[in-house]
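# Observations on the three-dimensional arrangement
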Amino acid sequence: MKIRAAAAEDAGILALLNPHVHAVHAAHRPDVYRVDPPADELTDYFAALLVKDVTRAFIAEIDRPLGYAVAAIVRREENPFVRAESFILLNQLAVDPQAARRGIASQLIEAVRDAGRREGCQRLLTDVLDFNEDAKAFYAAAGFAELKHVLEQPL
């Protein structure tokens, strides 16, 4: 398996792999997530994201692209409440379901960790929605610990 950095010209690849994960979100929260976003909008979104200075993105390939990870470097200044810090925030992780359980997601996470270390980050953060039991189990097995709970209330 090859893990490589993603570039703007890879936006179409990310757009093709994204629906596998997005469908889970849209099925559980159609009030928040659009069902079947248009492919051209996804490609444009990823193209704009991949050229940002803070974005770190990776593609996993075995003969063809099978997964991707998109993260962002976040630097916070100290304020009266928190210390200055930098961390890498994993925003998206997607693997083709036909290639599941081959270690692809784990290797993508390691690429994100390595990118964070190179940038001097102290932590890797991500979030997962409560309904996504598979993702919660994966992240726990990958060494992530719960940090906080975000609560919502409809108005």
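### A few points about the overall build of the protein chain
The helix and strand inventory of the protein chain stands at five helices and five strands. Its helices and strands taken in sequence order, the protein chain reads β-α-α-α-β-β-β-α-β-α from the N to the C terminus. For a compact globule of 155 residues, the expected C-alpha radius of gyration is about 15 Å, and the protein chain comes in at 16 Å, within 12% of that figure. C-alpha atoms of the protein chain, sized along the principal axes, occupy 45 × 40 × 30 Å. Counting the 155 residues in the protein chain, one finds 35% classified as buried. Counting contacts in the protein chain only where the partners sit at least 6 residues apart, residues at least 24 apart contribute 63% of the total. When the accessible surface of the protein chain is summed, it comes to about 10,100 Å², and 53% of that surface belongs to carbon and sulfur atoms. Each charge class in the protein chain can be summarised by its mean position, and for the 18 positive and 23 negative side chains these summaries are 5 Å apart.

### Side note on the environment of V54
One can find V54 in the loop between α3 (39-50) and β2 (55-62). Sequence-wise, V54 and R75 are 21 residues apart; in three dimensions their C-alpha atoms are separated by 9.6 Å. Discounting chain neighbours no more than four positions away, the residues touching V54 are A71, A72 and I73.

### Quick notes on the sheet that holds β2
In space, the five strands of this open sheet follow the order β1-β2-β3-β4-β5, with mixed pairing throughout. Both outer strands of the open sheet, β1 (2-5) and β5 (123-126), are each paired with one neighbouring strand and no more. With strand direction ignored, the average angle separating the axes of adjacent strands in the sheet is 30°. In terms of strand pairing, strand β4 (residues 85-95) meets β5 through four bridges, oriented parallel. Residue pairing in the sheet places F87 in a bridge with R123 of β5.

### Side note on the packing of aromatic side chains
This model, assessed by the stated rule, comprises four aromatic pairs. Taking 5.7 Å as the distance between ring centres and 75° as the angle between the ring planes, the aromatic pair formed by F46 and Y68 counts as edge-to-face. Of this pair, F46 sits in helix α3 while Y68 sits in strand β3 (residues 64-76), and the two are 22 residues apart along the sequence. Relative accessible area serves as the criterion here: at 1%, F46 is assigned to the buried category. Pairing F138 with Y139 gives two aromatic rings, centres 5.2 Å apart and planes at 65°, and the pair type is edge-to-face.

### A look at the nonpolar core
Ranked by size, the top nonpolar core spans 22 residues in total, and within it I88, L90, L93, I104, L108 and V112 carry the most contacts. Elements represented by at least two residues in this core include exactly β2, β3, β4, α4 (104-118) and α5 (133-141). Among the elements that take part in this core, α4 stands out by supplying seven residues, more than any other. Ignoring anything within four residues of it in the chain, the contact list for L90 reads A69, V70, A71, I109, V112, L124, L125, T126, D127 and Y139. Ranked by size, the runner-up nonpolar core spans 14 residues in total, among them L14, F46, I59 and A94.

Definitions and limits used
- Residues numbered from 1 in each chain as written.
- Predicted model: local features only at pLDDT ≥ 70, side-chain atom pairs only at ≥ 80, totals over all residues.
- Heavy atoms only, no water.
- Helix = DSSP H or I, 4+ residues; strand = E, 2+ residues; numbered from the N terminus.
- Rg over C-alpha atoms; globule rule 2.2 N^0.38 Å.
- Buried < 20%, exposed > 50% of the residue type's maximum accessible area, 1.4 Å probe, protein only.
- Contact = heavy atoms within 4.5 Å.
- Areas by Shrake-Rupley, 256 points an atom, 1.4 Å probe, with all protein chains shown as cover.
- Lys, Arg positive; Asp, Glu negative; His and termini not counted.
- Charge placed at Lys NZ, Arg CZ, Asp CG, Glu CD.
- Pairing = 2+ DSSP bridges.
- Axes fitted to C-alpha atoms, helices over the stretch in contact; angles between N-to-C directions.
- Phe/Tyr/Trp six-rings, centres within 6.5 Å; stacked < 30°, edge-to-face > 60°.
- Core = buried A, V, L, I, M, F, W, Y, C linked by side-chain atoms within 4.5 Å.

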